[in-house]
Amino acid sequence: MLQHLINLFFPKSCAGCHSLLLSEENVICTLCRHEIPLTHHHTMENNEVVQKFYGRIPLEFGSSLFYFHKKGIVQEMMHKLKYKGHEEISEMIGHWYAEELKHLAQIRAIDYIIPVPLHKRRLRERGYNQVEGFGKALSENLGIPYEDRVLYRKVYTKTQTKKNLLGRTEIGETIFDVTFTENHHGKHFLLIDDVITTGSTLEVCSRALLKIPDAKISIVCMAMSHS
């Protein structure tokens, strides 16, 4: 009853198209949910995520749920998630993707879910890590521990949007590191992020995790940039 009253006076709008949500809809409306471009990566062994990191890092499994297009529904969702405080978007996507991933043998072999970390200063500025809800929803549904203390960001940096791939990678090699114990040796880590563009951040995070003896890396993201 209380939630119905709240919705009456403070109606929620769709994170994709801004239309008012019906009582049975969550975060995005039914129309947007059906129009969001899905990758179906998890059904393909040699998908675009796997191909992107071929020769860069030894990847056990890779996938993303959505395609990210400029001025599309996914871009609108990601903007609200990262810059407008809509953390619920992250959690919703995590629950959605977990339903697609939970029957995969590659996923059942994973030991820890690891988010791409924010620097403490960035975390204070934004107030949250935009992939935390995604990771915790995956953890809840897949029964895999969420671990945000192994991988950390040493250096605060401004956006790398205008840097090329080489420049991003060279800088990235110096800003991520890991802290681990013998319990982490030989483990399979699922590295998660919001949007894959060049893949440079995920690459350098993976290289940091591979400092752990006999570590294995998989990558799952909410979306992948697509022309």
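Residues numbered from 1 in each chain as written. Predicted model: local features only at pLDDT ≥ 70, side-chain atom pairs only at ≥ 80, totals over all residues. Heavy atoms only, no water.

**Describing the overall build of the protein chain**
Stated precisely, the cut-off is as follows: To qualify as a helix, a DSSP run of H or I must reach at least 4 residues; to qualify as a strand, a run of E must reach at least 2; elements of each kind are numbered from the N terminus. To sort residues, take the accessible area from a 1.4 Å probe on protein chains only and compare it with the maximum for the residue type: under 20% means buried, over 50% means exposed, and anything in between is partly exposed. Contacts were defined at the residue level, with two residues in contact if any of their heavy atoms lie within 4.5 Å. Note on areas: these come from Shrake-Rupley sampling with a 1.4 Å probe, and a residue is covered only by the protein chains present in the view.
Assigned secondary structure in the protein chain consists of 10 helices and 6 strands. Looking at the protein chain as a whole, 48% of its 227 residues qualify as buried. The long-range fraction of contacts in the protein chain, counting pairs at least 24 apart against all pairs at least 6 apart in sequence, stands at 76%. About 12,400 Å² of surface is accessible on the protein chain, with carbon and sulfur atoms providing 52% of the total.

**Some details on the pattern of salt bridges**
Our working rule: Salt bridge, as applied in this entry: a Lys or Arg side-chain nitrogen positioned within 4 Å of an Asp or Glu carboxyl oxygen.
A complete count under the given rule lists 9 salt bridges for this structure. Of the charged contacts, one joins Glu 203 and Arg 56 as a salt bridge, the two residues approaching to 2.8 Å between their closest N and O atoms. In this pair, Glu 203 sits in helix H10 (residues 200–209) while Arg 56 sits in the loop between helix H3 (48–52) and strand E1 (59–68), placing the two residues 147 residues apart along the sequence. Here Lys 136 ties to Glu 132 by a salt bridge, and the two come within 2.7 Å at their closest N and O atoms. Of the two residues, Lys 136 and Glu 132 are both situated in helix H8 (residues 132–142); the distance of 4 residues between them amounts to about one turn of the helix.

**As for the packing of aromatic side chains**
The geometry of an aromatic ring pair is captured by two quantities: the separation of the ring centres and the angle between the planes. Note the cut-off: Any two rings among Phe, Tyr and Trp, with Trp reduced to its six-membered ring, count as a pair given centres within 6.5 Å; such a pair is stacked if its planes are under 30 degrees apart, edge-to-face if over 60, and tilted if neither.
Per the stated rule, a full pass over the model turns up 2 aromatic pairs. Centre to centre, the rings of Phe 66 and Trp 96 are 5.1 Å apart; their planes meet at 70°, and the pair counts as edge-to-face. Of this pair, Phe 66 sits in strand E1 while Trp 96 is found in helix H5 (residues 88–101), placing the two residues 30 residues apart along the sequence. Just as Phe 66 is buried, Trp 96 falls in that class too. Ring geometry for Tyr 112 against Phe 189: centres 5.9 Å apart, planes inclined by 20°, an arrangement best described as stacked. You can see Tyr 112 sitting in strand E2 (residues 112–115) and its partner Phe 189 sitting in strand E5 (residues 188–196), a full 77 residues away along the chain. Side by side, Tyr 112 and Phe 189 carry an identical accessibility label, which is buried.

**Section: the sheet that holds E5**
So the rule is basically this: Between any two strands, at least two bridges found by DSSP are needed for them to pair. Under this scheme, a helix contributes an axis fitted over its contacting stretch, all axes are lines through C-alpha atoms, and angles between N-to-C directions fall in the 0 to 180 degree range.
Across the sheet, 4 strands lie side by side as E1-E6-E5-E2; this open sheet has parallel pairing. Each of the sheet's edge strands pairs with one partner strand only, and the pair in question is E1 and E2. In this sheet, adjacent strand axes meet at a mean angle of 20° when their direction is disregarded. Across 8 bridges, E5 lies against strand E6 (residues 216–225) in parallel orientation. In the sheet register, Asp 193 faces E6, and the bridge partner there is Cys 221. In the packing of helix H4 (residues 73–83) onto the sheet, the strands contacted are E1, E5 and E6, and the crossing angle to E1 comes to about 105°. In the packing of H10 onto the sheet, contacts are made with E2, E5 and E6, and the angle to E5 comes to roughly 165°.

**Section: H5**
Formally: Expected span, for any helix, means 1.5 Å times one less than how many residues it has.
Taking 1.5 Å of rise per residue, the 14 residues of H5 would be expected to cover 20 Å, and the 20 Å separating its terminal C-alpha atoms lies within 8% of that figure. Tucked into the core, H5 has its buried residues touching helix H2 (30–35), E1, H4, helix H6 (105–108), H8 and E6.

**Description of the pairing of E2**
Going residue by residue along E2, you find Tyr 112 and Ile 114 tucked away on one face and Ile 113 and Pro 115 tucked away on the opposite face as well. With 4 bridges connecting them, E2 and E5 associate as parallel partners. Residue Tyr 112 lies in a different strand from E5, and its bridge partner there is Phe 189.

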